[in-house]
Structures are given as C-alpha cells and as structure tokens.
Amino acid sequence: MALITEEFFVLNEGSSPTGPRKARSTGQILGTADKRDSIYERILNAVMEHRLMPGTKLVEEKLARVFEVNRTRVREVLARLAYEGVVITIPNRGAYVASPSVEEARHVFEARRILEPALIRTLVAKADGGAFKRLYDHVALERAAREDGDKRAVIRLSGEFHTLIAQMVGSPPLIRLMRELASLTCLIILLYDSPNVPACPNHEHSDIIAAMEEGNPDRAIALMLSHLNHVEATLDLSLPEDSEADLEAIFG
Ligand SMILES: [Zn+2]
C-alpha cells in the first residue's frame with residue numbers, strides 16, 4: 001500500500017498534510033522499459049484501488065518528479081493509459097483519469113460478456129492443475145483483503161482475477177484487452193456503485209474456478225455470465241450522463 005500512496009498525494013495537488021514524498025527507489029534500479037512499465041503499473045493500481053478518482057488531473061511535471069523521470073517518459077505512460085481508455089486527454093488542459101459514461105459502462109459489460117466466455121473455453125482446453133491453483137491462490141488473497149476490511153485491495157484484486165484468466169490463456173492482445181476492461185470496470189464501479197455493495201463476491205470466483213477444474217466450460221461460462229450480470233446489476237446505470245459537470249465541479 002505504502003508503495004503507491006505517494007502519487008495519490010502528488011496527483012491531488014499536494015493535499016497530503018506532509019506534502020509530496022520522495023518516490024521509492026525501485027524505479028532507479030530498473031531499465032528504461034521496465035521503469036516505464038513500473039510507472040504504468042503504479043498509476044493503474046492507484047486507479048484500480050480508487051486512490052485516483054475519476055476526473056483527477058494527472059499533472060505531468062508532478063508525475064515526473066515523483067517517479068524521478070523526465071516528462072517525455074510520463075507522457076508515454078499517459079498515452080498508453082489513454083489508448084486503453086483509463087485516461088482521457090483534453091487539448092490544452094492535460095490528462096485526467098477517465099469518467100466512463102453510462103453508455104460506455106454498458107459497452108464495457110457487453111464486451112466482457114463476449115470476451116470472458118471465450119477466455120474460459122480456451123483456458124479449460126489448455127489448463128493444468130497449476131493454473132487452477134494460481135486462481136484459487138488469487139481468490140485466497142481476495143478473501144484475506146476482505147477479512148482485513150481493505151476495500152481498495154478487494155476492488156483491485158477482484159479486477160485482477162479476471163485479468164489473471166487472460167494471462168493464463170497467454171495471448172498478449174487478449175491480456176491487454178482484459179486489463180483495459182477490468183480497469184474501466186473499476187472506474188465504473190466507483191462512479192455508479194450503490195454504496196456498500198461489494199465488488200465481485202468471492203464465492204462466485206471460486207465457483208467459476210471449480211467448474212473449469214471439473215472440465216465443464218459450459219457451466220463455468222454460465223457462472224461467469226451470471227457473475228458479470230450480477231456485478232452490472234448492482235450498478236445504477238440509469239443516472240443521467242453528467243461527466244462534463246463532474247470535471248467542472250472538481251476543477252472549476
Ligand atoms: Zn469478478
């Protein structure tokens with residue numbers, strides 16, 4: 001947790017009582033590409049854990065300072081996040097954490113209902129016992145975070161469960177797609193969730209793994225679809241679209 005809190009403060013215009021803190025040194029021992037990836041991962045994690053809220057401005061020079069890199073590198077990372085829909089860039093104003101509209105939220109769930117059954121079918125066809133153990137281990141992390149009352153970690157880990165399935169399928173374009181959809185879902189949950197509704201319920205993830213382990217892709221797919229419907233149903237997507245007003249309220 002502490003590893004990524006500093007950009008929360010920095011990105012919120014130094015709202016921390018102690019002011020911006022120095023970036024950890026992990027980036028310093030990494031090569032250029034790794035370092036860029038690590039900045040990407042840290043910003044993405046902060047978004048997925050709701051420490052960076054939709055509509056938050058991502059100030060290039062502050063990011064450059066906290067990550068101890070130049071602005072060009074920050075711009076590359078922001079461009080990648082923008083390409084993935086997690087960040088939006090507004091000409092002459094800068095980059096902001098995206099605020100998906102109701103229509104975009106519906107598209108995200110529709111895309112997930114198309115993609116995730118295919119991932120499950122592919123994984124069941126190629127997976128060994130080790131793959132299912134990794135998934136169960138991940139669910140154990142989710143359970144531990146829930147027991148600790150660590151809501152941020154619960155939301156991030158819930159999204160990562162779905163990305164992990166794509167990782168085990170092993171296709172880089174599908175991993176990127178699933179990551180993008182999982183990150184957008186985290187933003188959507190934050191924007192449209194009813195208060196106190198949990199992210200993905202633990203047992204639904206376990207039930208999906210159990211069906212895959214039994215070699216029953218049809219059942220696993222049915223469980224995944226009802227799981228996605230369940231998550232979507234907990235959201236209030238009847239709200240009028242108001243993302244412009246949100247930005248005005250936050251930054252006006
Ligand atoms: Zn889930």
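Residues numbered from 1 in each chain as written. Predicted model: local features only at pLDDT ≥ 70, side-chain atom pairs only at ≥ 80, totals over all residues. Heavy atoms only, no water.

- If you check an unreviewed UniProt entry, the chain appears there as GntR family transcriptional regulator from Stutzerimonas zhaodongensis.

**Details of the pattern of salt bridges**
Alright, step 1. The full count for this structure, using the stated rule, is ten salt bridges.
Alright, step 2. A salt bridge links Arg 179 to Glu 41; its shortest N-O distance comes to 3.2 Å. Of this pair, Arg 179 sits in helix H8 (residues 172-192) while Glu 41 sits in helix H2 (residues 32-48); the two residues are 138 residues apart in sequence, bridging distant segments of the chain.
Alright, step 3. Glu 232 is the salt-bridge partner of Arg 106, the closest N and O atoms lying 3.6 Å from each other. With Arg 106 in helix H5 (residues 102-126) and Glu 232 in helix H10 (residues 217-233), this pair connects stretches of sequence that are 126 residues apart.
Alright, step 4. For Glu 232, a relative accessible area of 13% corresponds to the buried category. (Salt bridge = Lys/Arg side-chain N within 4 Å of Asp/Glu carboxyl O. Helix = DSSP H or I, 4+ residues; strand = E, 2+ residues; numbered from the N terminus. Buried < 20%, exposed > 50% of the residue type's maximum accessible area, 1.4 Å probe, protein only.)

**Some words on the side chain of His 138**
Alright, step 1. Mapped onto the fold, His 138 is located in helix H6 (residues 129-147).
Alright, step 2. What His 138 contacts, discounting residues up to four positions off in sequence, is Leu 157, Glu 160, Phe 161 and Leu 164. (Contact = heavy atoms within 4.5 Å.)

**Describing the packing of aromatic side chains**
Centre-to-centre distance and the angle between the planes together describe a pair of aromatic rings.
Alright, step 1. In the structure shown here, the tally under the stated rule is zero aromatic pairs.
Alright, step 2. The ring of Tyr 40 carries the charged tip of Arg 80 above its face, separated from the ring centre by 3.4 Å. (Phe/Tyr/Trp six-rings, centres within 6.5 Å; stacked < 30°, edge-to-face > 60°. Lys NZ or Arg CZ within 6 Å of the ring centre and 35° of its normal.)

**A word on empty space enclosed by the protein**
Alright, step 1. Here the structure, examined in full by the defined rule, presents two cavities of 30 Å³ or more.
Alright, step 2. Reported here for the largest cavity is a volume of approximately 100 Å³.
Alright, step 3. Along the wall of the largest cavity there are 14 residues; nearest its centre are Arg 112, Gly 159, Thr 185, Ile 189 and Cys 200.
Alright, step 4. Classifying every residue of the lining of the largest cavity by side-chain character gives eight nonpolar, five polar and one charged. (1 Å grid on protein atoms, 1.4 Å probe; cavity = no way out; pocket = protein on both sides within 12 Å on 5 of 7 lines; lining within 4 Å. Points joined across faces, edges and corners; volume = space filled by probe spheres on them. Nonpolar A, V, L, I, M, F, W, Y, C, P; charged D, E, K, R; others polar.)

**Considering the pairing of strand S2 (residues 87-90)**
Alright, step 1. The pairing of S2 with strand S3 (residues 94-97) spans four bridges and is antiparallel. When the bridges of S3 are listed, Ile 88 appears paired with Tyr 96.
Alright, step 2. Between S2 and S3, which pair antiparallel and follow one another directly, the connecting turn spans three residues, one of which, Asn 92, has a positive phi of 65°. (Pairing = 2+ DSSP bridges.)

**Remarks on the sheet that holds strand S1 (residues 57-58)**
Two pairing modes exist for strands in a sheet, parallel and antiparallel, and in both the strands are linked by backbone hydrogen bonds.
Alright, step 1. Read from one edge of the open sheet, three strands run S1-S3-S2, paired in antiparallel fashion. Each having just a single partner strand, S1 and S2 make up the two edges of the open sheet.
Alright, step 2. In the packing of helix H4 (residues 71-83) onto the sheet, the strands contacted are S1, S2 and S3, and the crossing angle to S2 comes to about 110°. (Axes fitted to C-alpha atoms, helices over the stretch in contact; angles between N-to-C directions.)

**Observations concerning the packing of H5 against H10**
Alright, step 1. At a minimum axis separation of 9 Å, H5 and H10 run at an interaxial angle of 160°. In terms of axis orientation, H5 runs roughly antiparallel to H10. The two elements H5 and H10 meet at a crossing, and its hand is right-handed. Along the contact surface, H5 presents Arg 106, Phe 109, Arg 112, Arg 113, Glu 116, Pro 117, Ile 120, Arg 121 and Val 124, while H10 presents Pro 217, Asp 218, Ala 220, Ile 221, Met 224, Leu 225, Leu 228, Asn 229, Val 231 and Glu 232. (Parallel < 35°, antiparallel > 145°, perpendicular 65-115°, else oblique. Left-handed = near helix turned anticlockwise from the far one by under 90°.)

**Observations concerning the environment of Leu 115**
Alright, step 1. Tracing the sequence through the fold places Leu 115 in helix H5.
Alright, step 2. By relative accessible area, Leu 115 is classed as buried at 10%.
Alright, step 3. Each C-alpha atom, one on Leu 115 and one on Ala 166, is 9.6 Å from the other, the two residues being 51 residues apart in sequence.
Alright, step 4. Here Leu 115 is in contact with Leu 174, Leu 177, Met 178 and Leu 181, once residues within four sequence places are set aside.

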